[in-house]
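# A closer look at the structure
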Number of protein chains: 2
Amino acid sequence: MSALTERKKQILAIIIERYIATAEPVGSKAICAYMGNAVSSATIRNDMADLVELGLLEQPHTSAGRVPSQAGYRYYVDNLMTSYELGVDEQERIKIWLQSFSGEPDKLLEKAGNILAELTSCVAVSSSPSDDEAFIRRIELVPLSDHTAMIVLLATSGILKSAVVRCDAEINVEIAEVFYNICQTYFTGRNVADITLTFIQTLVASLGDKVFIMSPFLCAIADLCSAVKTTEIHLKGQNNILNHTELSEDAFRLMDFMHRGTPLESIINSQKKPLNVSIGTENPYKELRNSTTIFSKYSVGERDSGAIGIIGPTRLDYARLISTIRYLAGVIGTMLTETLDE
Amino acid sequence: MSALTERKKQILAIIIERYIATAEPVGSKAICAYMGNAVSSATIRNDMADLVELGLLEQPHTSAGRVPSQAGYRYYVDNLMTSYELGVDEQERIKIWLQSFSGEPDKLLEKAGNILAELTSCVAVSSSPSDDEAFIRRIELVPLSDHTAMIVLLATSGILKSAVVRCDAEINVEIAEVFYNICQTYFTGRNVADITLTFIQTLVASLGDKVFIMSPFLCAIADLCSAVKTTEIHLKGQNNILNHTELSEDAFRLMDFMHRGTPLESIINSQKKPLNVSIGTENPYKELRNSTTIFSKYSVGERDSGAIGIIGPTRLDYARLISTIRYLAGVIGTMLTETLDE
DNA sequence: AGTTAGCACTCACCACAACAGAGTGCTAAC
DNA sequence: GTTAGCACTCTGTTGTGGTGAGTGCTAACT
């Protein structure tokens, strides 16, 4: 595969970079100029013909310049791209943006999505950390009024979920005590995956009439546990779809696709390497056949917990985006790990 | 203004209803058929010419049918539209959808936005209840770990806000006691608008070194108070913009407009009547000149607290949408008022 | 007066042809 | 292997003529 001559690589790189910058097919003459007229346009034409032969370039029509094919982008990303280091100022900016984070992982990832969308002019997708092997670290009951209370559940993964519950009986100290006793006995330290609604049902039944009144609280706990292991997905910068003219004809389908949710979840969950670039038809969904997705996993502690990335056209400034996403994922990872340690 | 003959009104109504249904200009012959050939197409043409004269209709070009003008829609909404009663099954469906609501106003309004977007195929906008005259009903400190705690603030408006705070010192019973004392003395019962960051600063200064450590908690409270009075806006179903072909050329601008946030906020806050329909240029923003907005305020207790509505093209099924939005706003109001009473 | 039939007219839409321009592919020479 | 030269191809644009839907107007009718 790497049987390309240096010049062909150079030509391919120029075409891709020019095309990324201008969205116009690149002609032999323009390339010639970009190479400082080292060789003539005819020579370049010959090389370009070979590159088309290899499937790395495409010509929209006979008399247009060349455009990178998906394989061309792939080759570029794998072999040609000069890796780009995020400037210190940009790094600082990102950190400052994220600084307001105070300990709620969900909010951090939502914010990170916003930043990424802003920075890349693409649609940003981020998933809150999810961990179905998480344990319940702590459950708290926060009385709000005579008949309502908030239940706060903290998992070992650092994830925090809360819900407001209404209760027919008055929520007094006695009830709170019963609640904490039940939590201590049946919930704290258990795997969130164990706390299902059916588990709650059998539990309530076994506890008998006395604590029947607890039932809404316990159901809420089950819901929170399921929320802990559910991947929560944040979609930001959807308006950016319309920025990219090459996507405009797919815009509707794409929008719809992204709002369906589950496919995105499966994409997020299927990230193999730390950083994945899927170009066009490399994506598992046909709606993305003209799009590129770039996702980076982030880790909390030693665990891969979620991912953040973008969906954009295939014509992307890969070098910049990859380093941005990688950096962001790194920062998220360290921030979340820090909170975990405490 | 109501100097229109009955027949002209009928013609106008038919044109609008046909156009709403088909998005095609309506010709005299078609109207003739819809009127059961009661009069000839020539007569209708004469009437249509008058309606154009009055500015209620427009013709895209000489040889096309007629299309409602913005003024036409306005006349229709004000005088012609047969009000539509939401079916009981639809009412039930909405209630069941919203049922999962347990006491967090923010979540209820987010959900309501989702429902509305679903139901109308428009972009739904909803604002969480905001009330800058709300008082602090309750503040709770929920310890999460040695150095982090969650602060929960409940306002008299029923709004619930929470934040996680990190603290250098260990959060023990002693600190909690100091916290609650401060809350009791300086916060509970006060107007949220009073609790500004500068207020906190002077407070911290006056309390002296001993409680300097409380500072992050108190700042968090100030943030929560400002969140209570801030209008929080939920935007749902943005993918629906692309459903409406007549908006497609404005789609980009519209998307951008909606993502800017502040204009939406000002629209929400400037709702005069319980239910407002703004057609095209009646909207205060030029980006909406081809759009219609329909918003209904909802009330918690006796107070107008927020609004919910849609942004769509001018070609809308006004009757259905208006009744849907009105109903939804009513349900939201009662649900929120109920939680308030407790 | 209001209504109607009849008819010329207007304009968007479509298809087809002509044309210019950009960029190529190929050939023959270097 | 490289280059100059040139015919060729294809797109995008412009212009023309035909078609059809729907109108506006006039003159006759009730």
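Residues numbered from 1 in each chain as written. Chains lettered and ligands numbered in written order. Predicted model: local features only at pLDDT ≥ 70, side-chain atom pairs only at ≥ 80, totals over all residues. Heavy atoms only, no water.

## Side note on the overall build of chain A
A count of helical and extended segments in chain A gives twelve helices and ten strands. The C-alpha radius of gyration of chain A comes to 26 Å, more than 25% above the 20 Å expected for a compact globule of 342 residues. If you line up chain A on its principal axes, its C-alpha atoms span 90 × 40 × 35 Å. When burial is assessed residue by residue, chain A has 54% of its 342 residues classed as buried. Here the analysis covers contacts within chain A between residues at least 6 apart in sequence; of these, 61% occur between residues at least 24 apart. (Helix = DSSP H or I, 4+ residues; strand = E, 2+ residues; numbered from the N terminus. Rg over C-alpha atoms; globule rule 2.2 N^0.38 Å. Buried < 20%, exposed > 50% of the residue type's maximum accessible area, 1.4 Å probe, protein only. Contact = heavy atoms within 4.5 Å.)

## Looking at the relation of the copies chain A and chain B
Least-squares fitting of chain A to chain B yields an RMSD of 0.0 Å, with the superposition described by an axial translation of 0.0 Å and a rotation of 180 degrees. Considering both components of the superposition, the chain copies are consistent with a two-fold axis. Proximity to the rotation axis, assessed at the C-alpha, singles out Val142 of chain A in chain A; its C-alpha lies 3.7 Å from the axis. In this assembly the copies share their binding face: 100% of the residues contributing to the interface of chain A also contribute to that of chain B. (Least-squares fit on C-alpha atoms with pLDDT ≥ 70 in both.)

## Observations regarding the packing of helix α10 (residues 251-260) of chain B against helix α11 (residues 262-269) of chain B
Residue and element names in this part refer to chain B. Remark: α10 packs on α11, axes separated minimally by 5 Å, with the N-to-C direction vectors making an angle of 75 degrees. Judged on the interaxial angle alone, α11 and α10 are roughly perpendicular. Contacts between α10 and α11 involve Phe257, Met258 and Arg260 from the former and Thr262, Pro263, Leu264 and Ile267 from the latter. Within the contact of α10 with α11, the residues separate by chemical class into five nonpolar, one polar and one charged. (Axes fitted to C-alpha atoms, helices over the stretch in contact; angles between N-to-C directions. Parallel < 35°, antiparallel > 145°, perpendicular 65-115°, else oblique. Nonpolar A, V, L, I, M, F, W, Y, C, P; charged D, E, K, R; others polar.)

## Remarks on the protein's contact with DNA strand C
The immediate surroundings of DNA strand C are formed by 20 residues, with Ser28 of chain A together with Arg7, Ser40, Thr43 and Thr62 of chain B found nearest. Of everything in DNA strand C that lies within 4 Å of the protein, sugar and phosphate atoms constitute 79%. Within the backbone of Ser63 of chain A, one N or O atom sits 2.9 Å away from a sugar or linking oxygen of DNA strand C. Ser63 of chain B is positioned such that a nitrogen or oxygen atom in its side chain is 3.1 Å from a base oxygen of DNA strand C. Of all elements in the fold, only α3 (41-53) of chain A together with α3 (41-53) of chain B reach the threshold of two or more residues within the surface near DNA strand C. For the surface near DNA strand C, the element with the highest residue contribution is α3 of chain B, accounting for four residues. When the residues that make up the surface near DNA strand C are grouped by side-chain class, the tally is four nonpolar, twelve polar and four charged. (Near = heavy atom within 4 Å. Polar contact = N/O pair within 3.5 Å; in protein donor to acceptor, adjacent residues only side chain to side chain.)

## Quick notes on the domain arrangement of chain A
Per the domain assignment, the segments of chain A are domain 1 (6-80), domain 2 (88-128 + 232-341) and domain 3 (136-228). With centres defined by C-alpha atoms, the gap from domain 1 of chain A to domain 3 of chain A works out at 62 Å. (Domains from an automatic or database assignment.)

## Considerations on the protein's contact with DNA strand D
Residues in close proximity to DNA strand D total 20 residues, the closest being Arg7, Thr43, Thr62 and Ser63 of chain A together with Ser28 of chain B. Sugar and phosphate atoms represent 77% of those atoms of DNA strand D found within 4 Å of the protein. Take Thr43 of chain A: an N or O atom from its side chain is 2.4 Å from a phosphate oxygen of DNA strand D. Secondary-structure elements contributing two or more residues to the surface near DNA strand D are α3 of chain A together with α3 of chain B. Here the element with the most residues in the surface near DNA strand D is α3 of chain A; it accounts for four residues. Counted by class, the surface near DNA strand D contains four nonpolar, twelve polar and four charged residues.

## Overview of the side chain of Lys236 of chain A
Its place among the elements puts Lys236 of chain A in strand β7 (residues 233-236). Apart from residues no more than four positions distant in its own chain, Lys236 of chain A is found in contact with Glu110, Gly113, Asn114, Ala117, Cys122, Val123 and Ala124 of chain A.

## A short note on the pattern of salt bridges
Pairing between side chains becomes possible if they bear opposite charge and their charged atoms approach one another. Residues and elements named next belong to chain A. This structure, assessed with the given rule, holds 38 salt bridges over all chains. Here Glu133 makes a salt bridge to Arg303, at a shortest N to O gap of 3.7 Å. With Glu133 in the loop between β3 (123-127) and β4 (136-143) and Arg303 in strand β10 (residues 303-313), the pair connects residues that are 170 residues apart, well separated along the chain. Across the pair Glu287 and Lys286 runs a salt bridge, and its minimum N-O distance is 3.8 Å. Where salt bridges share partners, they join Asp256, Arg260, Lys286 and Glu287 into one cluster. (Salt bridge = Lys/Arg side-chain N within 4 Å of Asp/Glu carboxyl O.)

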